[in-house]
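Listed here are the chains, written in short residue letters.
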Amino acid sequence: MAETFQRRAHYKECCIYQIYPASFCDGNGDGMGDIPGIISKLDYLKDLGCDVIWLSPIYQSPFVDNGYDVSDYTAIDPRFGTLDDVDALIAGLHERGIKLVMDLIINHTSNEHYWFKESRKSKDNPYRDFYWWRPPKWSESGERLPPNNWREEFSNGSAWQWDEHTGEYYLHLYAKEQPDLNWENPKLRQVIYEDVMKWWLDRGVDGFRMDVINLISKNPELPDASIQDEGETWQWSYEHTANGPRIHEFLKEMNKEVLSLYPDIITVGETPFTHHDFDTLVPYVLPENNELQMIFQFEQTEVDGYPPLVVKKYTLPEFKQVTSRWQTGMQERGGWNANYLENHDVARSVSRFGDDSTPENRVLTAKLLALLQCTLSGTLYVYQGEEIAMANIPPSWSIEEYKDVASQAYYHEEYEIRKKDGQTPDMSDVMHALQCKSRDCARTPMQWSDSTQAGFSTGIPWMRVNDDYREWNVEAQKDDPKSVLSFWKDMIKFRKRYLSSTYGLFEEIHPDHPHIYSYTKTYDRETMLVIINFANESVDFDFGNVKIPAGKPKDQISNLESGSAASVDNKVSMRPYEARAMVWDGQ
Ligand code: GLC
């Protein structure tokens, strides 16, 4: 299978940069990032070394879930611009040899989508079966109840919303304004293929990031979920809604009817709610299955707690174990990884997996994480702001600064539970969780410069700019060879120069070591050795019986200023937070 794994392809070698449009760059001063703003930064993206942009949703949307609630798939939300702007964006990217991947949200729509508005009109409306409608259940005492005990993702409530007009409930695994589409209906599938996917591909986009794609097939019996939380009425439904019975059939059909007709596109699926289950996820990406090129697994990002707002201490061996399992798993099976530490749904990596307690440590550990990501097999994803070490929201911010529907619901539900006898409850642990783990941490505006609003907008930004923008911004880093931004550029070049980073067979050294993550990557005649010290202390690392390439490496890169490459002895002394990658030929 190593042969399949190492078969070269553009989608494997590219660097994909994710833009969260509301917070990237505001071109018209209304406080909201937009497409003209993105266009003004294309040279920046090219210079960074990106080959592909993944754009979070810009479709028309009431914005209950910041665009992940689409009310028209072929219209652009006026807050972001127009279709002409998108055409100009595509042209500007293609001129620079950069591809555009659109977010595709097809597990659910907004409740303001035309299909849903039609669907709720009557039980025999032609769009009724585009969604999951069910009659109520009745308790013995005659109380009306939802069809089953599933809970929604963003709050503790039921995943079913009562609709008085036709006297039925509809299913929404996310907010009640995000009704789930019924993929059992072949008409719905055809409309998505023809009127949504092909419409965009024919317009010139180069692929899709498919939102929660593993939820599109549900157990059609809609049985009650097993009780995981005693005492809770509503329970997580994922045993019946994630990786459902027809998921691979649907994706194979989508591939045959759409994806395979556009040979150079990029496809990546988001596959949450599948824990410690490599074997369930790998079929999505095996080339012989003709489904997707890669998926975003959630095991890595959940190592410090799940559900997302749980803050859990983790050990380095736990973190390494997940990374290494996916590295070796894919090379054994011939599948492909999508490597990310950040996106719009998770807090900032330097705050979570690095150390942002001092400016020096923040620089060092942001570089350390860059070196890690750029030396792993799989496609590299960088999220806006990660390249300048943007950090989490400061602890001093109050709940009003948090804009995300999930953060707000979490806070207010907890508040209501704790509010007793009119006493103001202590919410400090909730605020701590939000500050460490909320999605808002990734959504503060991009920090371009030290001028007003970090150069993001000339107006009042929709979300507050992080207090640290005067020190941490693109302008301050772009001409400084020692900056995090310069290191990312160097790392991306290094990764492209030495293909063992992308395709090398991964072998871990001393997996149980509490501080060091070390591995070799071999591809063709090239060997790469990576040693990363995650501890804020010096560590002597002994390779023991592991054979290390002899002689001087032909190249090396490090997050500390280091002299020219020296040969590696059986023992290396690693300075606090030091990370190094070395390359040899013909070993
Ligand atoms: C995905 C998106 C997230 C959104 C959810 C519902 O997880 O990344 O932002 O809230 O799907 O669409």
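Refer to the preceding data block for the structure.
First, a word on scope: everything that follows refers to the structure included in this document. (Residues numbered from 1 in each chain as written. Predicted model: local features only at pLDDT ≥ 70, side-chain atom pairs only at ≥ 80, totals over all residues. Heavy atoms only, no water.)

1. Describing the sheet that holds strand 10 (residues 168–171)
Reading across the sheet, the three strands line up as 6-10-9 and stay open at both edges, with antiparallel pairing between neighbours. Looking at which strands have only one partner, the edges of the open sheet turn out to be strand 6 (133–134) and strand 9 (160–163). Across four bridges, strand 9 lies against strand 10 in antiparallel orientation. Bridge pairing in strand 10 places Trp-160 opposite Leu-171. (Pairing = 2+ DSSP bridges. Helix = DSSP H or I, 4+ residues; strand = E, 2+ residues; numbered from the N terminus.)

2. Overview of the packing of aromatic side chains
For the coordinates displayed, the defined rule picks out 38 aromatic pairs. Each ring, one from Phe-116 and one from Trp-133, has its centre 5.7 Å from the other, and the planes form 10°; the classification is stacked. With a gap of 17 residues between them, Phe-116 in helix 6 (residues 114–119) and Trp-133 in strand 6 connect regions that are remote in the sequence. Between the NZ or CZ atom of Arg-79 and the centre of the ring of Phe-63, over which it lies, the distance is 3.8 Å. If you follow Arg-128 out to its NZ or CZ, it ends over the ring of Trp-133, 3.9 Å from the centre. (Phe/Tyr/Trp six-rings, centres within 6.5 Å; stacked < 30°, edge-to-face > 60°. Lys NZ or Arg CZ within 6 Å of the ring centre and 35° of its normal.)

3. Some remarks on the pairing of strand 12 (residues 266–270)
Burial within strand 12 is extensive, with five of its five residues counted as buried. Going residue by residue along strand 12, you find Ile-266, Val-268 and Glu-270 tucked away on one face and Thr-267 and Gly-269 tucked away on the opposite face as well. Where strand 11 (residues 207–210) lies against strand 12, four bridges are found, and the strand directions are parallel. By the bridge assignment for strand 12, Arg-209 is matched with Val-268. (Buried < 20%, exposed > 50% of the residue type's maximum accessible area, 1.4 Å probe, protein only.)

4. With respect to the environment of Tyr-59
In this structure, Tyr-59 sits in strand 3 (residues 59–60). Taking the relative accessible area as the measure of exposure, Tyr-59 reaches 1% and is therefore buried. Counting along the chain gives 67 residues from Tyr-59 to Pro-126, while the straight-line C-alpha distance between them is 24 Å. Among all residues touching Tyr-59, those that are not within four sequence positions of it are Val-70, Asp-72, Tyr-73, Ala-75, Ile-76, Asp-77, Met-102, Asp-103, Leu-104, Ile-105 and Trp-200. There is a polar contact of 2.5 Å between the side chain of Tyr-59 and the backbone oxygen of Asp-103. (Contact = heavy atoms within 4.5 Å. Polar contact = N/O pair within 3.5 Å; in protein donor to acceptor, adjacent residues only side chain to side chain.)

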